[in-house]
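Coordinates in review
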Amino acid sequence: MRGRNTAFIILPGRTDVVMCGIVGYIGPRKALRVVIDNLKKLEYRGYDSAGVAVVENGRPVIVKKKGKIADLESSLDGQVMDGQLGIGHTRWATHGVPSDRNAHPHPDCTGEVVVVHNGIIENYAELRRELREAGHKLASETDTEVIPHLIEANYNGSLEEAVRAAVSRLEGAYALVVISSREPDKIICVRKDSPLVIGLGEGENFVASDIPALLRYTRDTYILDDHEMAVITREGVQVKDVRTGEARPKEVFTVTWDAGQAEKGGYAHFMLKEIHEQPTAVRETLRGRLKEGGVSLPEIPEEVIRDARRVFMVACGTAYHACLVGKYLMERIARVPVEADLASEFRYRDPLIGPGDVMVLVSQSGETADTLAALREGRNRGAHVVAITNVRGSSIDREADAVIHTLAGPEIAVASTKAYTTQLVALTLLALRFAEVRGGDREQIAALVEGLKNLPELVQEVLDTEDEIKELARKYSSSDDVFFIGRGLDYAVAMEGQLKLKEISYIHAEAYAAGELKHGTLALIEAGVPVVALVTQPDLYEKMVSNITEVRARQGRIISVVYDDDEKAREFSDEMIRIPRTDPLLAPVLAVVPLQLLAYYVAVERGCEVDKPRNLAKSVTVE
Ligand code: F6R
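Treat the numbers as computed from the prediction; the structure is a model and nothing was measured. (Residues numbered from 1 in each chain as written. Predicted model: local features only at pLDDT ≥ 70, side-chain atom pairs only at ≥ 80, totals over all residues. Heavy atoms only, no water.)

**A few points about the overall build of the protein chain**
If you tally the helices and strands in the protein chain, you get 21 helices and 26 strands. Relative to the globule expectation of 25 Å for 623 residues, the C-alpha radius of gyration of the protein chain, 25 Å, shows essentially globular dimensions. Viewed in the frame of its principal axes, the protein chain has a C-alpha envelope of about 80 × 55 × 45 Å. Per-residue burial over the protein chain gives 64% buried out of 623 residues. Sequence separation of 24 or more characterises 72% of the internal contacts of the protein chain that already satisfy a separation of 6 or more. In the protein chain, the 76 positive side-chain charges and the 94 negative ones have mean positions that sit 2 Å from each other. (Helix = DSSP H or I, 4+ residues; strand = E, 2+ residues; numbered from the N terminus. Rg over C-alpha atoms; globule rule 2.2 N^0.38 Å. Buried < 20%, exposed > 50% of the residue type's maximum accessible area, 1.4 Å probe, protein only. Contact = heavy atoms within 4.5 Å. Lys, Arg positive; Asp, Glu negative; His and termini not counted. Charge placed at Lys NZ, Arg CZ, Asp CG, Glu CD.)

Written as structure tokens, this is what we have:
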């Protein structure tokens, strides 16, 4: 069990990013009411469409709608649905735009098998082809839809066996809930890499992707593990190994948290939960992107990459800081000139951008007004527009020529954490793809691909040092000013470190290119001033140590971020934050994590409202 508290009872050893919400009910009540009530408990996580299926007079009736649960309820108005078996879903689009058609539940050809799904089916394109060739009619653009059709194709009188056969064909991550009018006395669900919880009642049972969706009706649960399936009837729940069909013993887990705690997965704040979701968010963003010695990024046409004169990376705030890393990587690995620009500045400076240029817009929300305006400016001037965004169906997602999606899942805390690290991953993939197409160093590309594969585990190793960072935060939480310094990529990470601290703890923080200190800022360093010094770039190591020495000569206190095998670091540090060694070009993904934790714990020490800092909004839709 990792991290701080009970959240991990749900997901031993890791925190999953739940992108969509699942609920299901079987019992004596009207299923529709229970399903809608429970879906509403998952609304806080963000979604773009919602749907339900209830077995009514022997047939599943599906109603689904783009937009909010309230929109779904309006379209249910006047429909009589008294069925006692039902499932529901809130979708956060990953394959296909948010639309009524792509919303879940999805039926098979006969409409008799209905499925809701969280996660990603990696081999869905191949399965779609195969199913189409076999005569199945697929109606949506989703990966999910292959599942009911696979179940239909494998049905020989047992829904359970058909689900097992279908699941054996799936690659990727899934939490599945299946109902069918052929066997209307049960719900079948399966979990792999995406959470599912069974709620245990008296003469009724429930299923959900997340505990908050159950608490209104029950606190007794079974937490499914990977490769487990559950056959849920009114009277009971049988848990089995989906691969062998053998029964699996389960212990009842009784939830003791209140609803608010449960929404945060047991963490004190969404920000902390999201920091802990980073290993999974990084893993999901890499999923299906890495191949032997290279990367797969089919979204961007090869000729666009080959012919690119220059690249413009444009964004705001944290996303802009990701661009600073992206610029460095692209220039270093692919040798293409890159300008990193603040979106609010870009459009007002009559930018020299045009045909042959590639513009990369980075935005978690996909709705930031300045970034959207910059996109339009670049597009109107003839640039090829690539977006990196976390929200499918957002304005930036829709208006770009090509999109690389970060799969961080909904980010709720105002201070961005997992969106940033996944933006770094997406930008690294982009730089590698440019290098591949433009004849970059094969060995370097292959080494970085190997490094990327290990990143999720290494991020987890950094998270495991949380207690030390908490201690450090306690020590420095009453500082008035904090400086962050670094060179090269470390400077870009310093920029993000200072923003995190500033925005949630309200401490004055500044980031400087370490070599710049002596040109003015050094005047501010006096005894006891904390200076966070990032030292992860070997080719700049000696220069960095000289800059650190300048600070120490003024009795500033150095909190260094260094590799765990750096023997010399003790000599120049008052405090050390250790990260595991990796390729220095990938170090930003690791180095930023302790800075996020530092900001978080300093803010908690100071009694700040971490998830909703003063004066700030999650999505800035005004210029
Ligand atoms: C800071 C933060 C903001 C956003 C910025 C852009 O923690 O979250 O600086 O990065 O407002 O937002 P998006 O990425 O949604 O365009």
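**Thoughts on unusual backbone geometry**
The peptide bond linking His104 to Pro105 adopts the cis configuration, its omega dihedral lying at 0°. Position of Pro105 relative to the elements: it lies in the loop between strand E4 (85-91) and strand E5 (106-107).

**Here we look at the site of the ligand**
Lining the immediate surroundings of the ligand are 13 residues, of which Ser363, Gln364, Ser365, Thr368 and Glu503 lie closest. At 2.6 Å, a backbone N or O of Gln364 approaches an oxygen atom of the ligand. Coverage of the ligand by the protein chains reaches 89% of its 400 Å² of free accessible surface. Comparing atom positions with the cavity grids shows the ligand to sit within the largest pocket. Going through the elements one at a time, helix H11 (317-334) and helix H18 (489-505) are the ones with two or more residues in the shell around the ligand. Among the residues making up the shell around the ligand, the classes are represented as four nonpolar, seven polar and two charged. (Near = heavy atom within 4 Å. Polar contact = N/O pair within 3.5 Å; in protein donor to acceptor, adjacent residues only side chain to side chain. Areas by Shrake-Rupley, 256 points an atom, 1.4 Å probe, with all protein chains shown as cover. 1 Å grid on protein atoms, 1.4 Å probe; cavity = no way out; pocket = protein on both sides within 12 Å on 5 of 7 lines; lining within 4 Å. Sits in = over half its atoms within 2 Å of the grid points. Nonpolar A, V, L, I, M, F, W, Y, C, P; charged D, E, K, R; others polar.)

**With respect to the pairing of strand E19 (residues 357-363)**
For E19, the tally of buried residues reaches seven of seven residues, placing the bulk of the element in the interior. Residues Asp357, Met359, Leu361 and Ser363 line one face of E19 and the alternating positions Val358, Val360 and Val362 line the opposite face, and both faces are buried. With five bridges connecting them, strand E17 (residues 310-315) and E19 associate as parallel partners. Looking at E19, one finds that Val311 is bridged to Val358. Strand direction decides the pairing type here: E19 and strand E20 (residues 384-389), joined by six bridges, are parallel. When the bridges of E20 are listed, Ser363 appears paired with Thr389. Crossover handedness for the path E19 to helix H13 (residues 369-380) to E20: right-handed. (Pairing = 2+ DSSP bridges. Right-handed = clockwise from strand over helix to strand, strands pointing away.)

**Focus on the pattern of salt bridges**
Pairing of side chains with opposite charge becomes possible as their charged atoms draw close. By the definition in use, this model includes 48 salt bridges. In this structure, the salt-bridge partner of Asp82 is Lys30, at a minimum N-O distance of 3.4 Å. Linking Asp82 in the loop between helix H3 (69-76) and E4 with Lys30 in the loop between strand E1 (21-26) and helix H2 (31-40), this pair joins segments that are 52 residues apart in sequence. Residue Asp82 is classed as partly exposed on the basis of its relative accessible area, which comes to 38%. Judged by relative accessible area, which is 47%, Lys30 ranks as partly exposed. Note that Arg287 and Glu122 form a salt bridge whose closest N and O atoms lie 2.5 Å from each other. Of this pair, Arg287 sits in the loop between helix H9 (278-286) and strand E15 (290-291) while Glu122 is found in the loop between strand E6 (113-121) and helix H4 (124-133), placing the two residues 165 residues apart along the sequence. Residues joined in a network through salt bridges with shared partners are Asp225, Glu228, Asp241, Arg243, Arg248 and Lys250. (Salt bridge = Lys/Arg side-chain N within 4 Å of Asp/Glu carboxyl O.)

**Some points on the domain arrangement of the protein chain**
Domain assignment breaks the protein chain into domain 1 (21-257), domain 2 (264-461) and domain 3 (465-613). Using C-alpha coordinates to define each centre, domain 1 is positioned 46 Å away from domain 3. (Domains from an automatic or database assignment.)

**Comments concerning the pairing of strand E24 (residues 530-534)**
When you tally the buried positions in E24, you get five out of five residues, the bulk of the element. In E24, alternate side chains face the same way, and those of Pro530, Val532 and Leu534 on one face and Val531 and Ala533 on the other are all buried. Bridge analysis of strand E22 (residues 481-486) against E24 gives three bridges, and the strand direction is parallel. When the bridges of E24 are listed, Ile485 appears paired with Ala533. Here five bridges tie E24 to strand E25 (residues 557-563), and the two strands are oriented parallel to one another. Bridge pairing links Ala533 to Ser560 in E25.

**What about the packing of aromatic side chains?**
Tallied over the full model, the rule gives six aromatic pairs. Seen from their ring centres, Tyr25 and Phe206 are 5.2 Å apart, and the 50° between their planes marks the pair as tilted. Here the residue Tyr25 occupies a position in strand E1, and Phe206 occupies one in strand E10 (residues 205-208), the gap between them amounting to 181 residues. Of the two residues, Tyr25 and Phe206, neither departs from the other in class, the shared state being buried. When the centroid spacing of 6.2 Å and the interplanar angle of 70° are considered together, the rings of Phe312 and Phe346 count as edge-to-face. Note that Phe312 is positioned in strand E17 and Phe346 in helix H12 (residues 343-346), a separation of 34 residues in sequence. You can call Phe312 buried: its relative accessible area is 1%. (Phe/Tyr/Trp six-rings, centres within 6.5 Å; stacked < 30°, edge-to-face > 60°.)

**A word on the layout of surface pockets**
For the largest pocket, the calculated volume is near 560 Å³. Along the walls of the largest pocket sit 26 residues, with Cys316, Gly317, Thr318, Lys618 and Val620 positioned nearest its centre. Where the lining of the largest pocket is concerned, the elements lending two or more residues are H11, E19, H13 and H18. The leading source of residues in the lining of the largest pocket is H18, at four residues. Composition of the lining of the largest pocket by domain shows at least three residues from each of domain 2 (264-461) and domain 3 (465-613). (Points joined across faces, edges and corners; volume = space filled by probe spheres on them.)

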